[in-house]
Amino acid sequence: MASGRRSPSPEPPGPQPIRRLHESLINRIAAGEIIHRPASALKELLENCLDAGSTSIQVTVKDGGMKLLQIQDNGCGIRKEDLPLLAERFTTSKLTTFSDLSKLTTYGFRGEALASISHVAHLTVITKTKSSNCAWKAAYVDGGLVPSKAGYTPDPKPCAGNNGTTITIEDMFYNTPTRLSALRSSSEEYARILDVMTKYAVHNSKVSFSCKKAGSLNPELSTPSCPDASQAIRQLYGHSIAKELLHVTASSASDDNTDMDDAEDPEAWSADAYFTNANYQGKKIALLLFINHRLVESHRIKRSIESIYSGILPKGSSPFVYLSINLDPRSVDVNVHPTKREVHFLNEEAIIERISDAIQQRLATQSQSRVFEYQTLLTGGIAQSASRKGKEKASNVDELEGDDEEPEADRRVLGSQGDKISFGSCPVAKKVLSQHKVRTSLQDRTLDSMIPVADPLRTNSDEPVTAIRLRDIKQSTCHFASITELRRLATKRIHHDLTEIIKKHTFVGVIDLSRCLALIQHNKNLYMVNHAALACEMFYQLALLQFGDYNRLKLDPPPSLRTLVKFAVDVEEDTARSGMSNDEIVDRIVKTLMDRREMLHEYFSLDISETGDVKTLPHLLREYTPNLDKLPMFLMRLGPQVLWESEQECFGSFMRELAYFYSPAPLSVVSAAASDEDEQEKQKSEAWRIQNILFHAMRKYLAAPKFLLDNDIVQVASLPDLYRVFERC
């Protein structure tokens, strides 16, 4: 019978011997701590360029920087004598003793960046100083010089080149396949490179940056030299962030009342911050943090900023913050992280608290009002897929708008997603939610179309009231090359979606006559428009369309040209800057128009008699008569504003002035005082003309150009977005 005794366990192995690692293995391990990916290599090289005093930095990338990463600057360059030591570890021009760390003002100081790159990639350097006659080219592998081509010696070779340094990195991580396989796609690595360059371009706004892919002609990122960080932020991050930026500065100067000079105080500091107000809501916090001009990360500062905005922004929204802190080098320890991504400094909590308080106080001054903007498609759903159009034609959506419940028979034929499916020969339409219903349509018949509404100032006249019907206006025949070019340019500027909105809008009402603001609706969106700007563009297009074949607006009795011009010049405030008296200005303008009266009569139907009386004016729209109170200003502006010397510019500028005369913009000159009742009647009449003539004409004639989107048309509400706001309440 076998005994139950256990076999003795093996003796534990003895201690392993300690070995000295090979130098190449040590360097490769150290390189892995510093160079994580192409973006980290670029960060080190960017800092070297800035240390060299560069004002222009150009980066070229291939395959996300893994195949090629080239950076070129126009800095001071590298001496030929220093090239053999360039890629060796712990070789630097920034330090000589350990005490130099306490007064460090440069980005680099350890001398490990180029050495680490040379151990994981093929490194080539071309450099030229201002004093040298030529550039020098050197290639490096594992920290040492190698021949750039087979059969060459490893010594630096003379070559052509500009002042500065060009560093080329090829085949990154070719000898560390594990690190190479761990990298993401080339597009993601390229995005990281652009992110690093964007942050440094904001902080170093006076330096020009550009970045492009190899083989591409146009750079993906290109920034000119900007005067300050706010302009760089506008250039790089766009208008949506720049328009919501706030600026604040903080420093140690107000911490105490001591008279110690900040230059001698090791605890002196200052901070400069640009951050968005409560109107900007990003998906992820964008924190650009620079401490002594070094791009770093700080979890304490990030948490402090998040706590400030937690009570201001909705959940899930984040701000944009650019923060630059300048400290005395003696109070900063930059040697706490292999990639210098983090730093430690004295009085960290107190400084963060002071900066947070300054940001919070600045935000509090902007808390009186909030602006809610919704980024939606301008067309509001004009373009629809063919399948969607087919569904709308096959089903009567209007019949389902008032139904809150579906019959049981209908529920049986709806799919799991509520899509329309056929059940026998009875197709069922998908129910339209309330927030997606179009409440108004241009095709809807209104009372105004059945009962013509007259101008309030003409209600006492004996003329019969008839509905306004706009006549078709045909394009005149003209063989002038200048008019053909002006018509071509007008056609080229057309914004088709905006034109669709104008043609199919529903007029809501006039907001402010003095500021020329009105509301229109298209589909589910509400727009505020500057009707004077829209009318001015429409009348310019009508003037261009009818060039040489205008109808005439007869003035009876004909007023004197000199009298009208003199009246306008006398009320003009800036005539003194011309260096001429009012009578001299009147004489020059009248002479200019009289010398060209035959041309004005032939091409523009502006008839001025030999005695200087204005007999007729061009009539652009028969149903609309311009405000003749603006006639003196129109005639006066023809003198200096029309470019008479060039044919195309003459015709174009004259028609612009004519369009401005026709537009309903209010006069800058205050007219004689009128009674309240008369003023109200005039305002009612003007609002009637704007609604029933101008906007009616815009639907028919205006081909809206793109520049109207800049300042003259703003979307103020969207039905689906309003439903979202009310759902939160």
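Above this text you will find the structure in question.
Everything quoted here is computed from the prediction, not taken from an experiment.

### Side note on the sheet that holds strand β13 (residues 294–295)
With mixed pairing, 5 strands are arranged side by side in an open sheet as β10-β11-β14-β12-β13. Every other strand in the sheet has two partners, leaving β10 (245–251) and β13 as the edge strands with one partner each. Judged from the 2 bridges that link them, strand β12 (residues 286–291) and β13 form a sheet pairing that is antiparallel. What sits directly across from Phe290, in β13, is Leu295. Contacting β10, β11 (269–276) and β14 (320–327), helix α9 (residues 348–364) runs over the sheet at an angle of about 40° to β11.

### Points about the sheet that holds strand β21 (residues 607–608)
Judged by pairing direction, the sheet is antiparallel, and its 3 strands sit side by side in the order β20-β22-β21 without closing on themselves. Each having just a single partner strand, β20 (551–554) and β21 make up the two edges of the open sheet. Pairing between β21 and strand β22 (residues 614–619): 2 bridges, direction antiparallel. Bridge pairing in β22 links Ile608 to Val614.

### Description of the packing of aromatic side chains
All chains considered together, the criterion is met by 21 aromatic pairs. Ring centres of Tyr624 and Tyr662 lie 6.5 Å apart, and the angle between their planes is 40°; on these two criteria the pair is classed as tilted. With Tyr624 in the loop between β22 and α20 (631–641) and Tyr662 in helix α21 (residues 647–662), the pair connects residues that are 38 residues apart, well separated along the chain. Of the two residues, Tyr624 and Tyr662, neither departs from the other in class, the shared state being buried. Members of the aromatic cluster, joined through ring pairs, are Phe480, Phe539, Phe547, Tyr550, Tyr603, Phe604, Tyr624, Phe634, Phe651, Phe654, Phe661 and Tyr662. Over the ring of Tyr660 we find Lys630; its NZ or CZ atom is 5.1 Å from the centre of that ring. Between Arg656 and the ring centre of Tyr540, over which it is positioned, the NZ or CZ distance is 3.6 Å.

### Focus: the pattern of salt bridges
Applying the stated rule across the entire model yields 19 salt bridges. For Glu348, the salt bridge is made with Arg300, and the minimal N-O distance between the two is 3.9 Å. Taken together, the residues span a long stretch of sequence, with Glu348 in helix α9 and Arg300 in helix α8 (residues 299–310) at a distance of 48 residues. Taking the relative accessible area as the measure of exposure, Glu348 reaches 15% and is therefore buried. For Arg300, a relative accessible area of 40% corresponds to the partly exposed category. The salt bridge partner of Lys504 is Glu500, with a shortest N-O separation of 2.9 Å. A relative accessible area of 44% means that Lys504 is categorised as partly exposed. One network of salt bridges, with partners in common, ties together Arg300, Glu348 and Glu349.

### Details of the pairing of β11
Buried residues dominate β11, accounting for 6 of its 8 residues. Examined bridge by bridge, β10 and β11 share 7 bridges and lie antiparallel to one another. Considered in β11, the bridge of Leu246 is made with Phe275. Pairing geometry for β11 and β14, over 7 bridges, is antiparallel. If you follow Tyr274 over to β14, its bridge partner there is Tyr322.

### With respect to helix α5 (residues 186–203)
Here α5 is 18 residues long and its end C-alpha atoms lie 26 Å apart, about the 26 Å a rise of 1.5 Å per residue gives. Taken as a whole, α5 has its buried residues at Glu189, Tyr190, Ile193, Leu194, Val196, Met197, Thr198, Lys199, Tyr200, Ala201, Val202 and His203.

### A closer look at helix α3 (residues 113–120)
Taking burial as the measure, the 8 residues of α3 include 8 buried ones, the bulk of the element. Taken together, the buried positions of α3 are occupied by Ala113, Leu114, Ala115, Ser116, Ile117, Ser118, His119 and Val120.

### Some thoughts on the packing of α20 against α21
At a closest axis distance of 10 Å, the pairing of α20 and α21 adopts a crossing angle of 160°. One way to sum up the angle between α20 and α21 is to call them roughly antiparallel. The crossing of α20 and α21 is right-handed. Contact residues: Leu631, Phe634, Arg637, Leu638 and Gln641 in α20; Ser653, Phe654, Glu657, Leu658, Tyr660 and Phe661 in α21. Among the residues making up the contact of α20 with α21, the classes are represented as 7 nonpolar, 2 polar and 2 charged.

Reading guide: rules and limits
- Residues numbered from 1 in each chain as written.
- Predicted model: local features only at pLDDT ≥ 70, side-chain atom pairs only at ≥ 80, totals over all residues.
- Heavy atoms only, no water.
- Pairing = 2+ DSSP bridges.
- Helix = DSSP H or I, 4+ residues; strand = E, 2+ residues; numbered from the N terminus.
- Contact = heavy atoms within 4.5 Å.
- Axes fitted to C-alpha atoms, helices over the stretch in contact; angles between N-to-C directions.
- Phe/Tyr/Trp six-rings, centres within 6.5 Å; stacked < 30°, edge-to-face > 60°.
- Buried < 20%, exposed > 50% of the residue type's maximum accessible area, 1.4 Å probe, protein only.
- Lys NZ or Arg CZ within 6 Å of the ring centre and 35° of its normal.
- Salt bridge = Lys/Arg side-chain N within 4 Å of Asp/Glu carboxyl O.
- Expected span 1.5 Å × (residues − 1).
- Parallel < 35°, antiparallel > 145°, perpendicular 65-115°, else oblique.
- Left-handed = near helix turned anticlockwise from the far one by under 90°.
- Nonpolar A, V, L, I, M, F, W, Y, C, P; charged D, E, K, R; others polar.

Interpretation in functional terms is not warranted from these geometric data alone.
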